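# Reading the structure
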Amino acid sequence: MYTDSRNTPLSEEALAGRELWQGYACQTCHQLYGQGGFLGPDLTNAASRVDSTRLVSLLRVGSGQMPPLAFSDEEAAAMAAFLREMDRPEIGRGELRLGNPGERAGAQAAFERAIEAAVAAGEGEVAAEDVAEVAAGLAAYRIRPCSACHFPFRASPVGAPDLSLVAGSLAPDSLDRVLAEGRPLKGMPPPVPPLDDADRAAIMAFLEFLGANREQLEVATQALAADRRLDWRALPWWEFP
């Protein structure tokens, strides 16, 4: 095992993956813990959502704007090890970790907590019979890499729209089709894992709730995210031996 200057252990295989990450300049397009570019999705927690078959396909064949890298089996395994060992939920979920590393924090987590609180309290424009479906929609959103591209209450640098405006800009059948198939020509892949009929209905209810209660949810999100201090000591300084 290797230990860096912040006491973060990396296996020899993960170190080989880190060399590939740096050698192929992956950070030009992708982020880890807030460090890197915005052209591709944040890979901080990629190991939790991308299975080995999909990862090998991405590394060898590419996808959309990502070029094929023709990795060997050994290189693909090394990159998988690196991403696996960098996936540290106790530190963060695809963004710089703010506050106590034992808590969820940051803009995305504040966004999710604001919605959870509003739904639990029965606040906002949602019928009592729809509360469970909105909560299910938030859960379906949460387990997918939606937040890698979509930012709370604003368009992201990669062009992903503000989700609180989506339900008002797309007809229900068009939105259902996007949730089922993605928009590959606009950079949005099909959801992984795929959304079944119940999942899509729940996410549509969640998006309608966001749109109907946008102003109060944005204020609540900002309040929850405010006055948090960045604990640099909690970040894994994987770039430096």
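Scope of this entry: the structure provided in the associated data block. (Residues numbered from 1 in each chain as written. Predicted model: local features only at pLDDT ≥ 70, side-chain atom pairs only at ≥ 80, totals over all residues. Heavy atoms only, no water.)

## A short note on the overall build of the protein
Going by this rule: A run of H or I in DSSP becomes a helix once it reaches four residues, and a run of E becomes a strand once it reaches two; helices and strands are each numbered from the N terminus. Exposure categories follow from relative accessible area, calculated using a 1.4 Å probe and restricted to protein chains: below 20% of the type maximum is buried, above 50% is exposed, and the middle band is partly exposed. Note on contacts: a residue pair qualifies if any of its non-hydrogen atoms lie within 4.5 Å across the two residues. Only the protein chains shown count as covering a residue, and every accessible area follows the Shrake-Rupley method with a 1.4 Å probe.
Counting secondary structure elements, the protein contains nine helices and four strands. If you list the helices and strands of the protein from N to C, you get β-β-α-β-β-α-α-α-α-α-α-α-α. Every one of the 241 residues in the protein was classed for burial, and the buried ones make up 39%. Contacts in the protein between residues at least 24 apart in sequence constitute 62% of all its contacts with a sequence separation of at least 6. When the accessible surface of the protein is totalled, it reaches about 12600 Å², and 56% of it is carbon and sulfur.

## Description of the environment of Ala180
In this structure, Ala180 sits in helix α7 (residues 172–181). Sequence separation between Ala180 and Asp197 is 17 residues; the distance between their C-alpha atoms is 8.7 Å. Not counting the four nearest positions on each side in its chain, Ala180 is found in contact with Pro190, Pro191 and Arg200.

## Brief notes about the nonpolar core
Selection criterion: Only buried Ala, Val, Leu, Ile, Met, Phe, Trp, Tyr and Cys residues count toward a nonpolar core, and they belong to the same one when joined by side-chain atoms within 4.5 Å.
Formed by 22 residues in total, the largest nonpolar core has its most connected members in Phe111, Ile115, Phe206, Leu207, Phe209, Leu210 and Leu217. Sorting the residues of this core by element identifies α4 (106–120), α5 (131–142), α7 and α8 (197–212) as the ones contributing at least two each. Here this core gets seven residues from one element, more than from any other, and that element is α8. Counting residues in hydrophobic clusters, the runner-up holds 21 residues, among them Ala14, Leu20, Leu43 and Leu55.

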